[in-house]
Each structure stands twice: as structure tokens, then as C-alpha cells.
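For reference, the chains in residue letters:
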Amino acid sequence: MGSDRERNDHGQYADRILPEAALEPFEKREDHGRPLTASDVMEALDCSRRTAHNKLNDLVERGELETRKVGARGRVWWIPIEATPDAVRAGFETDHEPDGTERDETTPSVEEAIRTADLPGSGATLEARRDALRAAYEYIVDNPSATKSDFLEHVYPDYPADFETEEGWWNAIQPALKELPAVDPPEERGHIWNFLGDDRFTPTLG
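Conventions we followed
- Every chain begins its residue count from 1, and numbering advances along the sequence as written.
- Per-residue local features of the predicted model are confined to residues with pLDDT of at least 70, and side-chain atom pairs are confined, for both listing and counting, to 80 or more; whole-chain, interface and lining totals are unaffected and use all residues.
- Side-chain descriptors were evaluated using all non-hydrogen atoms of the structure, hydrogens and water having been removed beforehand.
- Where helices and strands are cited, they refer to DSSP runs of H or I of at least four residues and of E of at least two residues respectively, numbered from the N terminus.
- Three labels apply to residues, based on accessible area from a 1.4 Å probe with only protein chains included: buried if under 20% of the type maximum, exposed if over 50%, partly exposed otherwise in between.
- We call two residues contacting when some pair of their heavy atoms lies within 4.5 Å.
- Each accessible area value is a Shrake-Rupley result obtained with a 1.4 Å probe; residue values ignore everything except the protein chains displayed when judging cover.
- Paired strands, in this sense, are two strands between which DSSP finds at least two bridges.
- Fitted lines through C-alpha atoms give the axes, limited to the stretch in contact for helices. The angle between two N-to-C directions lies from 0 to 180 degrees.
- Classification of ring pairs rests on two measures: the distance between centres of Phe, Tyr or Trp rings, Trp counted by its six-membered ring, which must be within 6.5 Å, and the angle between planes, read as stacked under 30 degrees, edge-to-face over 60 and tilted in between.
- Handedness of a helix crossing follows the sense of rotation of the near helix relative to the far helix, less than a right angle counterclockwise being left-handed and clockwise being right-handed.
- Three classes are used, and their members are as follows: Ala, Val, Leu, Ile, Met, Phe, Trp, Tyr, Cys and Pro are nonpolar, Asp, Glu, Lys and Arg are charged, and the others, Gly among them, are polar.
- Counting of polar contacts relies on pairs of N or O atoms within 3.5 Å, with two restrictions inside protein: one atom must be capable of donating a hydrogen and the other of accepting it, and residues adjacent in sequence are counted only when both atoms are side-chain atoms.
- What is meant by a nonpolar core is a set of buried Ala, Val, Leu, Ile, Met, Phe, Trp, Tyr and Cys residues, joined one to another through side-chain atoms within 4.5 Å.

Caption draft 1: Spotlight on the overall build of the chain. Looking only at helices and strands, the chain features eight helices and five strands. Going from the N terminus to the C terminus, the chain shows its helices and strands as α-α-α-β-β-α-α-α-β-α-α-β-β. Split into buried and exposed, the 206 residues of the chain put 42% on the buried side. Considering only intrachain contacts with a sequence separation of at least 6, the fraction spanning at least 24 residues in the chain is 54%. Just so you have it, the chain exposes about 12,100 Å², and 45% of that area is on carbon and sulfur atoms.

Take a look at the structure:
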């Protein structure tokens, strides 16, 4: 009598694939700030989408990965990065990097970058737009993989900054957001904004 258990192209049973195997494609990325999709893991493990989701969800439950929805039906996973978001929210500033080395004085703080960002307007309008840029940055720190629609849904309503439309707001904010430390904007035709948050930057708001 035949078995209904799923096998991959190498004859392995899918239920014998350990969750740790799903970490391999994350470790082999050239860009460690890029989140992965279930399709990426399917290809690496040579398994079905259901199996890839099961292994990824196991790793999420164990705290080794984090996940979030992108768009209407998409989902991405990434290895969480600790400490940097807390430093941003606390306004912590130091002369040294996390590994103890002296910080490169040419690396700007987030607040300095926001103050010098190329945003339209002057006076109170300009300050409101700096506040909107700051809020967009704090959002991506808390949500290391975000889409344009995420910013429009979660940041724009509270920080419209005198823009009459979402599109006008985004056209002003996103070029400035690209220039802030540790922000990795989408490649051409891409959708996902990443926050790298590694030890190349120590973002500070104060």
C-alpha cells in the first residue's frame, strides 16, 4: 500500500526536514537585511509551500524568526535584530559603536539627517514634515520590512504634514527616508523597505 507522505526530489519525507533547515537560506543571503518569502524557502528546501510555511512558523514560535504580512496576500520572514530600535526610541547617543570601537564622526545621527533632509516648505509646515519623516523612520525601525501602503496606513493619518493627498505626502517623504541611516529602500520596481540596523550605524534621535 502506497504512502501519501510528501517527498521532495531527493526522496526525503517533508516531515523529516528539521525547522533549522529553513534558516539556511537566511544565512546564505548576500544581503542580510533582506527578508525572505515562503517561495525562497521552498526553493532552498525543495519542498511544498505548506511545508515551508510549517518550518518557518516553527521558527517564529521559537523566537528565531519574525514575520509580518506585506500587501493583501504576501508575507515575509526575517531574523530579528536586537538593541538598535531601543537606542533610537530612547534617544541614546554615544561616541562608540556597539562593538566598542570609536564611531566614525562622518556618520550622521538620525536627528541631524532629518534636520538637513530635502523637504518642501518652510516654518511650521517644514517642521511638520520633519515630524512626518521622523515618524516614518520610527515606523520602519519597529517594522524592519515595510511597504509603501504600510506607511500610508500607519504614519500618514497621524502626520499628514499639510499634504492634501497620500501620494503627495509619499512623494515628499520617501526620497528623504531613503537617505536616513540604516534604511534600505526597495530596488527598482521593488516594494519592501528594510531597516538594516546592524553595527554599521548607531541611529540616534537626540
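And the narrative resumes.
Caption draft 2: Structural context of the sheet that holds strand β3 (residues 145-147). Taken in spatial order, the three strands of this open sheet run β3-β5-β4, and their pairing is antiparallel. On the outer flanks of this sheet lie β3 and β4 (183-184), each paired with one strand and no other. In this structure, β4 lies alongside strand β5 (residues 192-195), joined through two bridges in antiparallel fashion. Pairing of D184 across the sheet is with N194, part of β5. Packing against the sheet, helix α6 (residues 123-142) makes contact with β3, β4 and β5, and its axis sits at approximately 80 degrees to β5. Strands in contact with helix α8 (residues 166-178) are β4 and β5; relative to β5, the strand with the most contacts, it is inclined by about 40 degrees.

Caption draft 3: Inspection of the packing of aromatic side chains at higher detail. According to the stated counting rule, one finds seven aromatic pairs in the structure shown. Ring geometry for F151 and W193: centres 6.1 Å apart, planes at 80 degrees, overall edge-to-face. Taken as a pair, F151 in helix α7 (residues 148-154) and W193 in strand β5 lie far apart in primary sequence, 42 residues in all. Grouping residues by exposure puts F151 and W193 together as buried. Members of the aromatic cluster, joined through ring pairs, are Y139, F151, Y156, W169, W170 and W193.

Caption draft 4: Inspection of the packing of α6 against α8 at higher detail. As a packed pair, α6 and α8 sit with axes 10 Å apart at the nearest point and diverge in direction by 65 degrees. In this structure, α6 meets α8 at a crossing whose hand is right-handed. For the pair α6 and α8, contact is made by R129, A132, L133, A136 and Y137 and by W169, I173, A176 and L177, respectively. Residue composition of the contact of α6 with α8, by class: eight nonpolar, no polar and one charged.

Caption draft 5: Layout of the environment of T165. Note that T165 resides in the loop between α7 and α8. Of the polar contacts made by the side chain of T165, one reaches the backbone nitrogen of G168; its length is 3.0 Å.

Caption draft 6: Here's a closer look at the environment of A113. Inspection of the secondary structure assignment puts A113 in helix α5 (residues 110-115). As a C-alpha pair, A113 and E179 span 66 residues in sequence and 7.7 Å in three-dimensional space. Sequence-distant contacts of A113, defined by excluding residues within four places in its chain, comprise L180 and P181.

Caption draft 7: Summary view of unusual backbone geometry. Residue D46 is not a glycine yet carries a positive backbone phi of 55 degrees. With respect to the helices and strands, the residue D46 is situated in the loop between α2 (38-45) and α3 (49-61). A relative accessible area of 24% means that D46 is categorised as partly exposed. For A161, which is not glycine, the phi dihedral falls at a positive 55 degrees. Position of A161 relative to the elements: it lies in the loop between α7 and α8. Since its relative accessible area comes to 8%, A161 is described here as buried.

Caption draft 8: Expanded view of the nonpolar core. Of all hydrophobic cores here, the largest spans 32 residues; its most connected members are L133, Y137, F151, W169, L177 and L180. Elements with a minimum of two residues in this core: α5, α6, α7, α8 and β5. Looking at this core, the element that brings in the most residues is α6, giving nine residues. Once residues within four sequence positions are removed from consideration, L177 is found in contact with L133, A136, Y137, F151, V183 and W193. Counting 15 residues, the second-largest nonpolar core is a separate cluster that includes A21, A22, F26 and L45.

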